[in-house]
Amino acid sequence: MVQSSVLGFPRIGANRELKKTTEAYWQGKVSVEELFKVGKEIREHNWKLQKQAGVDVIASNDFSFYDQVLDLSLLFNAIPERYAKYNLSPIDTFFAMGRGLQKKATETEAAVDVTALEMVKWFDSNYHYVRPTFSHSTQFKLNGQKPVDEFLEAKALGIQTRPVLVGPLSYLTLGKADKDSLDLEPLSLLEKLLPVYAEILKKLADAGATSVQLDEPVLVLDLDEKTQAAFKTAYDFLASQSGLPAITLATYFGTVVPNLGAIKDLPVAGFHFDFARNPEQLDEVASILNDNQTLSVGVVDGRNIWKNDFAKSSAIVQKAIEKVGKDRVVVATSSSLLHTPVDLESEKKLNPEIKDWFSFATQKLAEVAVIAKNVSGEDVSAELEANAKSVSTRASSNITNNEAVQKRVQSIDEKMSRRLSPFPERLAVQEKAFKLPLFPTTTIGSFPQTKDIRINRNKFVKGTITAEEYEKFINAEIETVIRFQEEIGIDILVHGEPERNDMVQYFGEQIDGYTFTTNGWVQSYGSRYVRPPIIVGDLSRPKPMSVKESVYAQSITTKPCKGMLTGPVTCLRWSFPRDDVDQKTQALQLALALRDEVNDLDAAGIKIIQVDEPALREGLPLRAGQDRSDYLKWAAESFRIATSGVGNETQIHSHFCYSDLDPNHIKALDADVVSIEYSKKDDPKYISEFLDYPNHIGLGLFDIHSPRIPSTEEFKAKIEKILESYPAEKFWVNPDCGLKTRGWAETKESLTHMVEAAKFFREKYGAKK
Ligand SMILES: Nc1nc2c(c(=O)[nH]1)N[C@@H](CNc1ccc(C(=O)N[C@@H](CCC(=O)N[C@@H](CCC(=O)N[C@@H](CCC(=O)O)C(=O)O)C(=O)O)C(=O)O)cc1)CN2
Ligand code: MET
Ligand SMILES: [Zn+2]
């Protein structure tokens with residue numbers, strides 16, 4: 001019998017229990033015992049669900065209270081001294097590393113003030129991990145035994161699990177040197193790290209684990225020779241230790257073929273590969289297996305919500321069986337299911353025709369089990385038949401086609417993606433029009449999404465308040481935000497985005513060709529989740545989406561008010577895309593919809609328009625090559641199509657966060673002003689890369705993920721440091737990103753300090769001019 005396997009299950013709970021409890025814990029509203037209890041309940045529920053669905057190989061240690069990479073940093077004691085010094089409990093140290101901590105002194109406890117570690121994109125997904133941060137003083141040792149505890153928890157329920165840990169090479173490669181140790185190369189720590197891996201694996205074996213899954217997703221990236229060679233060092237070392245569980249080395253999100261040399265002859269029990277994304281790698285990866293190694297065939301996509309095509313997947317698995325034999329093949333999800341919503345059954349409002357095309361994490365469990373049965377020769381004809389019917393109904397559905405949209409995409413010409421004049425000419429016109437001071441201050445768009453806003457939106461969605469009442473409420477919120485900004489002296493105001501549940505979902509809900517869920521939450525980072533809208537057909541904008549709110553905001557102030565939109569690439573990347581049409585086409589359709597919106601805003605008198613593209617980098621194919629250059633072309637083209645319908649006097653802004661950007665990618669967008677996340681980029685080299693960027697840049701001066709409030713002096717010191725290399729006349733002052741996840745108290749103070757610092761330099765430089 002061919003086994004079925006799931007690499008990891010969403011840990012947020014069917015009704016976001018994890019978020020609710022963690023946030024309550026942070027607010028001091030629930031005890032640590034209650035927090036741990038909810039974690040345990042979620043784990044138990046998930047394991048039982050998988051068992052019931054007939055999954056043979058079930059993961060443990062896929063749970064985390066914040067992030068699975070941060071779990072390892074805590075487990076291996078990679079805790080920078082600035083956190084360790086407070087002697088907080090392990091869970092509080094963990095949260096402090098994840099999100100920073102600022103606490104006033106009490107009679108019994110000293111004050112705490114520490115920023116969070118850097119948070120970065122997990123490969124090309126909208127999940128973010130906390131970057132391991134090493135220094136010369138990092139001393140790896142086991143700190144607790146979370147994987148063992150969770151393994152034993154499952155065992156007590158009678159469920160034998162396969163613990164999953166990020167593997168040593170991925171853990172180090174995804175990390176970085178701390179600011180006090182910039183000469184440190186993370187990979188140089190491998191020898192010190194390996195014994196600690198061996199120790200935890202040994203403990204797992206002693207607890208009864210017969211196998212473990214070590215995730216090495218870095219194998220789908222371009223790796224230098226040193227890193228490739230280090231795989232052999234690492235896995236030879238683990239194989240030389242006695243009494244460890246059997247290791248399955250798992251890769252996903254791409255093809256491993258260019259790095260085959262790194263994994264050939266590794267002494268592991270088996271490999272897992274992503275065949276949902278790269279079925280073509282089968283021949284080559286199968287050829288490197290020795291006679292005993294198992295092949296875990298990832299065919300059920302862990303990254304999308306489309307129902308699996310059983311016939312197609314079974315054929316891939318059959319081919320794997322032909323190569324290595326039935327006994328050595330496992331049918332699996334392509335990656336952890338972390339990236340998919342929990343359960344389709346909780347969606348009560350979906351059009352039934354469309355709902356039949358989808359499969360969320362819970363449904364994917366059954367898919368893996370059915371495919372395994374099918375290739376084992378069991379009779380699953382009823383399931384196969386139903387599946388074939390769903391697949392063909394979707395293929396022939398006319399919901400997905402809009403000829404007018406297709407024609408418009410075909411008629412795109414080069415002129416549509418070019419601004420009227422080059423930047424210097426635009427700048428001259430804009431300087432006259434806006435008369436901005438040096439160091440102009442602005443924010444990225446959103447202001448605190450308070451409980452009150454969410455409750456009122458919820459009432460509006462449920463129909464307990466009318467559209468008029470809701471609009472009145474939103475306008476009052478906008479007015480509060482405008483008055484606050486006027487009061488502290490911000491130069492370019494925003495309306496605060498109170499009407500938006502999320503920057504992508506909000507637009508998705510207003511664009512034809514999208515569908516959306518009511519409970520399809522997916523973890524983005526920590527306790528923050530998203531409900532990605534789903535692209536099911538050709539995309540078009542029936543009417544303006546953001547004009548009303550922006551125009552209202554501008555109508556109550558004499559200062560310039562910036563309109564904010566989410567760019568085509570980000571709308572695409574943070575949605576579940578179609579898999580029957582290429583991504584470029586979907587991006588161009590979105591670009592045209594947004595172009596209409598930009599033009600409408602412009603016509604309504606909004607002369608500063610920001611089109612956010614924080615997902616631009618995330619969409620970059622993981623490896624250098626043709627795909628990557630194609631992507632960069634159509635991504636930039638999409639942005640420019642969206643923003644080039646306006647005159648020179650209209651100032652186009654864009655915003656980027658959560659990634660190491662390449663200035664060239666940003667240049668290609670030709671935005672007049674860009675704001676980029678910067679506050680946690682400790683490496684001075686980073687800014688030098690932007691020195692020749694011709695247009696204006698706002699470098700993010702504070703971390704918006706943390707409630708921590710930087711002082712005016714701290715802002716001044718940051719600006720001073722940047723001015724050592726960056727020219728004052730191109731320098732805008734703003735936070736790292738939007739403030740929606742912050743509370744008002746810290747928002748007010750932080751922004752006030754930021755503006756004070758800007759004014760200080762304005763005077764200093766003004767005097768010099
Ligand atoms: N899509 C997306 N991806 C992104 C970002 C982003 O902003 N959007 N930012 C970056 C970081 N990621 C982030 C992801 C989520 C959030 C975030 O704030 N999420 C909110 C949910 C936002 C949302 O959809 N809110 C809805 C639903 C809110 C809600 O929970 N309502 C209650 C009812 C009201 C109440 O009692 O509170 C309920 O449904 O139970 C709304 O406001 O309408 C959260 O988890 O808290 C922030 C950053 C990268 N990727
Ligand atoms: C993740 S980027 C967020 C941009 C958006 N305009 C905001 O301020 O929230
Ligand atoms: Zn941002």
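Residues numbered from 1 in each chain as written. Chains lettered and ligands numbered in written order. Predicted model: local features only at pLDDT ≥ 70, side-chain atom pairs only at ≥ 80, totals over all residues. Heavy atoms only, no water.

Going by an unreviewed UniProt entry, the protein carries the name 5-methyltetrahydropteroyltriglutamate--homocysteine S-methyltransferase and comes from Lachancea dasiensis. Heading Function (unreviewed entry) of the UniProt record for the protein holds this comment: "Catalyzes the transfer of a methyl group from 5-methyltetrahydrofolate to homocysteine resulting in methionine formation." (UniProt positions renumbered as here; feature names shortened; annotations may be inferred.)

A. The UniProt feature "binding site: Zn(2+)" (unreviewed entry) in the protein, seen in detail. The UniProt record marks H655, C657, E677 and C737 with the feature "binding site: Zn(2+)" (unreviewed entry), using the residue numbering of this structure. Across 83 residues of sequence, these annotated residues stay compact in space, with a maximum C-alpha separation of 8.4 Å. Positionally, C657 belongs in the loop between β22 (651-656) and α25 (663-667). Given a relative accessible area of 3%, C657 falls into the buried group. Setting aside its immediate chain neighbours within four residues, C657 contacts P614, E677, D736 and C737. Here C737 shows up in the loop between β25 (731-734) and α28 (744-768). Contacts of C737, omitting those with residues within four sequence positions, involve I444, H655, C657, Y658 and I704. (Helix = DSSP H or I, 4+ residues; strand = E, 2+ residues; numbered from the N terminus. Buried < 20%, exposed > 50% of the residue type's maximum accessible area, 1.4 Å probe, protein only. Contact = heavy atoms within 4.5 Å.)

B. Quick peek at the site of ligand 2. As a structural note, the neighbourhood of ligand 2 is formed by 13 residues, with I444, S446, E497, D612 and G738 the closest of them. In this structure, an oxygen atom belonging to ligand 2 sits 3.5 Å away from a main-chain N or O atom of G445. Bound to the protein, ligand 2 loses 97% of the 300 Å² it would expose on its own. Across the shell around ligand 2, the residue classes break down as six nonpolar, four polar and three charged. (Near = heavy atom within 4 Å. Polar contact = N/O pair within 3.5 Å; in protein donor to acceptor, adjacent residues only side chain to side chain. Areas by Shrake-Rupley, 256 points an atom, 1.4 Å probe, with all protein chains shown as cover. Nonpolar A, V, L, I, M, F, W, Y, C, P; charged D, E, K, R; others polar.)

C. Spotlight on the sheet that holds strand β11 (residues 246-250). Read around the closed barrel, eight strands run β1-β2-β8-β10-β11-β12-β13-β14, paired in parallel fashion. When strand polarity is set aside, the average angle formed by the axes of neighbouring strands in this sheet is 30°. Relative to strand β2 (residues 57-60), strand β1 (residues 3-6) runs parallel, the two sharing two bridges. In the strand pairing of β2, S5 is matched with V57. Strand contacts of helix α14 (residues 361-375): β1, β13 (294-300) and β14 (329-333), with the helix running at about 160° to β1, the strand carrying the most contacts. (Pairing = 2+ DSSP bridges. Axes fitted to C-alpha atoms, helices over the stretch in contact; angles between N-to-C directions.)

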